[in-house]
Every structure is written in C-alpha cells, then in structure tokens.
Amino acid sequence: MNMTTNGDATVKVVPVRHVGQWIAAAIAIVFVAMLIHTLFSKLPTGQYACHLVGGVRKCHELSEWRFSWDIVGRYFFTSEILHGLFLTLELTVLSMLVGVILGVTIAVMRLSTNRLLSATAWTYTWFFRGTPVLVQIIVWYNIAILFPVISFGIPFTNVTFYHFSTVSVFTAFTAALVALGLNEAAYMSEIARAGLISVDEGQTEAASSIGMTRRQTLRFVVLPQAMRVIIPPTGNEVISMLKTTSLASVIGVVELLGAATNIYANNYLIMPLLIVASLWYIVVTTVLSIGQYYLERRFAKGALRTPPLTPIQRLRRDAKGIFSKFRTPRGAVGALR
Amino acid sequence: MSDPMVEVRDVHKSYGGVEVLRGVNLTVVRGEVTCLIGPSGSGKSTLLRCINHLEKHDAGELRVDGDLVGYEARGGKLYERNDKQICAERSRIGMVFQRFNLFQHLTVLENITIGQVKVKGVEPDDARVKARELLARVGLDGKEKNYPSQLSGGQQQRVAIARALAMEPKLMLFDEPTSALDPELVGEVLDVMKDLALSGMTMIVVTHEMNFAREVANTLYFLDAGVIEESGNPREVLSAPKSERLRSFLSKVL
C-alpha cells in the first residue's frame, strides 16, 4: 500500500508484524500434524487380544490400524447400529417435543400475574433442575414401585373410571422419554422465559392498543420475536439431548450407545464400536447445526436491515467475483473502481 | 359540549404510593383535536394510557363515547370488564406511541393488516387493499415489503398511524408522536396528523410541539403535577398564560 504524505511524496507503509501469532500458529500446526499422524498410524501385525468369556479364553487378532478403521467401517452400517441410531433420533425428537411445548407453557405460567401459577412454574423448574437426569430416568423406570396402578377418577374418593398397571405403560423407552422430556422442560422453560422477556414491552402495548387479546398478543407478536432469542440455545439443547439419550442405555433402551455396548459385550471390540457410536453422534450433530443456522436466519426476519448471506450464497458470490475478474478486461475493472 | 367523545371526571392514579393523576377533569368534543402539554412527569402519558385502559385508573370516572372505560355499570354496581371486552373497546381507540412500537418481525403491510385480520376478522385480501390505501394516505406507497428497521423514524411513525387507522378508530391517541424523531423528520409526521384532524378525526395529542398545538388544536390542556392547571383555546392560553406554572413552562420550551 502506498500513502501520500506531505503533498506528492509517497511513502511505503509497513504493516505491523504479529510475531506471537506466528509462533502460536506454528505450534498449533505441529499438534494437528501429530494428531492426524496418530489417527492413521498402524500397529505391528500379528498381535492378539484375549479375554475370558464365560470361563473360556477367547482371542482375536488386532487390527493393523491403531484406531481399527477397518472394523469401524465394518460395523458402521450394521442393522443393529442403524436401529440404535433410529431409536436415538426418535428419543431426541420426542423428548425435545415434550420439552419445548411444556417448557413454553411453564415459561408463560412463570410470567403470569397469578402468583400461584408463577410459583408452580418456579417449583417445577427448581425440582427438575435440582435432581440429576440419570436419577430421574431410573426413578421413572421404577415408578411402578411407588404407583403400581394408574387410575383416572375423582381425586380423594374411591371413584375410578379407568385404570391400568403401571408396568405395562412404563417400558424402558417410555420411562426414558418421560424422564428426558420432563427434565428438558425445566431447562426449556428458562430459555423460553428469557426469550419472552427480551421482547420490548412496547410491542405488547401496541398489540393491546389495536385490540389483540393476551393470547393473540403472545401468539402473533411476542412469541415470533422471542424465537430469535430462543432458537440458538434451543439448538444447543437439541444437540445436548441427542447425546443425553445415551443415558437411556442404563435402563436397557437399545439406542445408539446401547447397540454399540451390546455388540462389544460379545466380541470385545470396545474401542471400534465406541468410535462407531461417536462418529454417528458427530454426523447427526453436524446436520443439526446446519439446520439450526437456517432456522435462525428465518426467525431473524426484520431484526437486521440486510440479512447476511448464507455460506452457499457467499460461495456463489465469491465464485462469480473470481470469474468476472477473468472475463472482464483489466481496464474495465479499473474504471469500475 | 352536548356530545362528548371522552369525559374524564376526577380521575386519580398512583404508582406505588406516588400519585401521578390527582383528580383530572377533561372533556373532548367529537371531531375536535385536544392537545395535552406539560412538563415531563406531569401525568400526560398516564392520562392517555388510562383512556384506552392500558393502565387502570384508581378512582374517578372515565367515559369514551358514553361507555365507562374498563367497567360496566349494572344495578348500582361497577363490574370490571374481562380481557375480551376491554380488547373490543380498545380496538376502536387508536394509539400512536413515542417509540412507534411497530411489530419488528412483520413487514409494513403485515403491520397494517394483522389487526384487521386477527381482531376484526377482515378477509386478508380486503385488509391488504385497505392497508395500501392507508399507506398511500400517509405517503408511503411502495414501502409495503419493507421491515420497520429499514425505515426512518418518520416513516415508521407514519406506518404506526396507518396501523392505528386500519382499525377504523373513533378516537386517536398520540403519545408524544414526534419526540423520538430527528428534527428534520418531525414535519412529515405532523403533516399526516394535520390531514387526519382536517378529516374530522377526534384526537388527543400529548405533545411538545407548541406550533402544532396552536395551529391544529381546538382545546389545549396544561397538565402539571397531576392536575389540569389551565385549559382553553390554544392561541389564548399560549399567548396569555394565566398561571405562573404555565408561564415558567412555556419560557422553557418556546
């Protein structure tokens, strides 16, 4: 770059050199290289691993890859793993659905002018955030100990219309779903509450002034604007939930981790199967993150004067820029500038 | 003064022990423009917000178009109206805010149609036709698809006026509509308000624009410390203030 100082004399400008950054970058590169090297390193062939299975010594040859990529590949698409993956997704979606709907309801209750509703909401959040979700999962799985029969009737009387045994309903999957959903609702309620109070009070007043009821105001004015604040942490919750569902394997739900443990309990390929499960978790997380990005964009409507380009739009623009540079004669570019 | 649009009789209002309105009396004649002036904290905005029941008044009587605001008198008792009834009342009283309060997530057109469609049950197509007419009236045709954040303050305030007019109000309340605007944008909003006054709309305007008050208002009220200090024809009141308080207020703002 050249700059003019003192009339027509031009002086060369020397940019600041960031020596510390260069050193840090060099160190980082070394570490990354080490990591990649070890990921794809090989072990001496002909090594065996042996385990006692039911009193019998069983051995199998170790993979030549340190991270057993060949075995990982072999198990990645097996039906047991895919079935587990499907159950993980099902559990994630359903418990988030329960969590979001119940969470928003609790947030609205919490912000109600009715003190009893507000206190009830506060207590709910206090209780479910106060106990570990793993404990909740185990409790729901064993809920039949406390309530062997579930019945519908008039409270505090012996009148019942309908009843069934708890065990028949609270299967491992249901117990996990209920536990994860109710626990998630406690966290979602705080996220939703933050979103609701982030919307300027003037918006509510304006809605009231054109005659909207409180319900209409919430639905058409406050919630859509609260979404902008609610979505990023909710995306975080979905991703967190995806991995929390692995706790359901403790009560025997054969979701992704459960499927992996079931397999390695038989063949002792512990690491390869944990890698299979982990890779699947990473794949789904990646897809979810992309989805979250576009959802955020959609609800940012009106918040920014000019919405930023999506990565794809940006790529296309950059590509266009590069092509036009080649196509346009140099003089024309200069004239445009 | 036989057919008043708004009647305020001895209205009181306190916030946490501080009495903001201390017995206000005021009458607004149908089709006339009333301006409220006064120092900040004098209760002007509170009075306005009581008139469309955004705030509940503590004591006194408030009537719009003959009906009690927020209450129903039956058999010697006052019954508080429910949310739905209050909303129905409000939908006929337009309000324009100092900070515009346009719905940020909706386009200009949607801002003007949402009340018609969701509150009045107008068909979306009809609502859009009406919205376009109103936008033309406030000089903003062509801005239908813009979001509020893409407009200037003056343009936003004109959309806010159009949004209120879409509900076909019988009364319009303006709460310092030009106070948040850059000086060069004040004129365009006041022009729209003048047109509205000429069309015969009943208006109550809380303002610091003394020239607007002098030119457009039929009656001027000076509110100070929660009571009406002085009222009357704006030209007379502004040129020959009787009370010491109004004199000192005018010396600061003019």
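All values derive from a computational prediction rather than experimental measurement.

Definitions and cut-offs
Residues numbered from 1 in each chain as written. Chains lettered and ligands numbered in written order. Predicted model: local features only at pLDDT ≥ 70, side-chain atom pairs only at ≥ 80, totals over all residues. Heavy atoms only, no water. Helix = DSSP H or I, 4+ residues; strand = E, 2+ residues; numbered from the N terminus. Contact = heavy atoms within 4.5 Å. Areas by Shrake-Rupley, 256 points an atom, 1.4 Å probe, with all protein chains shown as cover. Lys, Arg positive; Asp, Glu negative; His and termini not counted. Charge placed at Lys NZ, Arg CZ, Asp CG, Glu CD. Phe/Tyr/Trp six-rings, centres within 6.5 Å; stacked < 30°, edge-to-face > 60°. Buried < 20%, exposed > 50% of the residue type's maximum accessible area, 1.4 Å probe, protein only. Lys NZ or Arg CZ within 6 Å of the ring centre and 35° of its normal. Buried area = accessible area lost by both parts, 1.4 Å probe. Salt bridge = Lys/Arg side-chain N within 4 Å of Asp/Glu carboxyl O. Polar contact = N/O pair within 3.5 Å; in protein donor to acceptor, adjacent residues only side chain to side chain. Nonpolar A, V, L, I, M, F, W, Y, C, P; charged D, E, K, R; others polar. Arc of directions from axis to C-beta. pLDDT = per-residue confidence, 0-100.

### Thoughts on the overall build of chain A
For step 1, the next point in the chain: From N to C terminus, chain A includes 14 helices and six strands.
For step 2, the next point in the chain: If you line up chain A on its principal axes, its C-alpha atoms span 100 × 80 × 40 Å.
For step 3, the next point in the chain: Restricting the contact set of chain A to residue pairs at least 6 apart, pairs at least 24 apart contribute 63%.
For step 4, the next point in the chain: For chain A, the exposed area adds up to about 21,600 Å²; of that, 67% sits on carbon and sulfur atoms.
For step 5, the next point in the chain: When the 28 positive and 15 negative side-chain charges of chain A are each reduced to one mean point, those points stand 8 Å apart.

### Digging into the packing of aromatic side chains
Two aromatic rings are characterised by how far apart their centres lie and by the angle between their planes.
Residues and elements named next belong to chain A.
For step 1, the next point in the chain: Throughout the structure, instances matching the rule amount to 13 aromatic pairs over all chains.
For step 2, the next point in the chain: Ring geometry for Trp 122 versus Trp 126: centroids 6.3 Å apart, planes at 10°, classification stacked. Taken as a pair, Trp 122 and Trp 126 lie in helix α4 (residues 115-130) at a separation of four residues, close to a single helical turn.
For step 3, the next point in the chain: Centre to centre, the rings of Phe 152 and Phe 164 are 6.4 Å apart; their planes meet at 50°, and the pair counts as tilted. Of the two residues, Phe 152 sits in strand β5 (residues 149-153) while Phe 164 sits in strand β6 (residues 160-165), which places them twelve residues apart along the sequence.
For step 4, the next point in the chain: With a relative accessible area of 23%, Phe 164 lands in the partly exposed category.
For step 5, the next point in the chain: Put simply, the rings of Phe 40, Phe 67 and Trp 69 pair up and form one aromatic cluster.
For step 6, the next point in the chain: Sitting above the plane of the Phe 299 ring, Arg 298 keeps its charged end 5.6 Å from the centroid.

### Regarding the interface of chain B and chain A
For step 1, the next point in the chain: Taken together, the contact between chain B and chain A spans 24 residues of the former and 22 residues of the latter.
For step 2, the next point in the chain: Summed over both sides, the interface between chain B and chain A buries roughly 2,100 Å², with carbon and sulfur atoms accounting for 57% of that surface.
For step 3, the next point in the chain: At the junction of chain B and chain A, the tally comes to two salt bridges.
For step 4, the next point in the chain: Among the salt bridges present, the one from Asp 83 of chain B reaches Arg 214 of chain A, with a minimum N-O distance of 3.7 Å.
For step 5, the next point in the chain: Viewed at the interface, chain A and chain B are joined by seven residue pairs in polar contact (both at pLDDT 80 or more).
For step 6, the next point in the chain: Taken together, the elements giving at least two residues each to the side of chain B that touches chain A come down to α2 (83-90), β8 (93-96) and α3 (108-120) of chain B.
For step 7, the next point in the chain: Partitioned by chemical class, the residues of the side of chain B that touches chain A number eleven nonpolar, eight polar and five charged.

### Observations regarding helix α2 (residues 69-76) of chain A
Residue and element names in this part refer to chain A.
For step 1, the next point in the chain: Listing the buried residues of α2 in full gives Ile 71, Val 72, Tyr 75 and Phe 76. All buried residues of α2 lie within an arc of 135° about the axis, which places them on one face of the element.
For step 2, the next point in the chain: Next to the buried residues of α2 lie α3 (79-110), α11 (256-267) and α12 (270-299).

### Side note on the confidence of the model for chain A
For step 1, the next point in the chain: Considering every residue of chain A, the mean pLDDT works out to 88; 92% of them sit at 70 or more.
For step 2, the next point in the chain: A low-confidence stretch, residues 330-337 of chain A stays under pLDDT 50, and its non-local contacts, those more than four residues away or across chains, total two contacts.

### Overview of the environment of Asp 141 of chain B
Residues and elements named next belong to chain B.
For step 1, the next point in the chain: The residue Asp 141 is located in the loop between α4 (124-137) and α5 (153-165) in this model.
For step 2, the next point in the chain: On the basis of relative accessible area, Asp 141 is assigned to the exposed category, the value being 54%.
For step 3, the next point in the chain: Sequence spacing of Asp 141 and Phe 212 is 71 residues, and the spatial spacing of their C-alpha atoms is 25 Å.
For step 4, the next point in the chain: Those residues in contact with Asp 141, other than ones at most four positions away along the chain, are Leu 135 and Ala 136.

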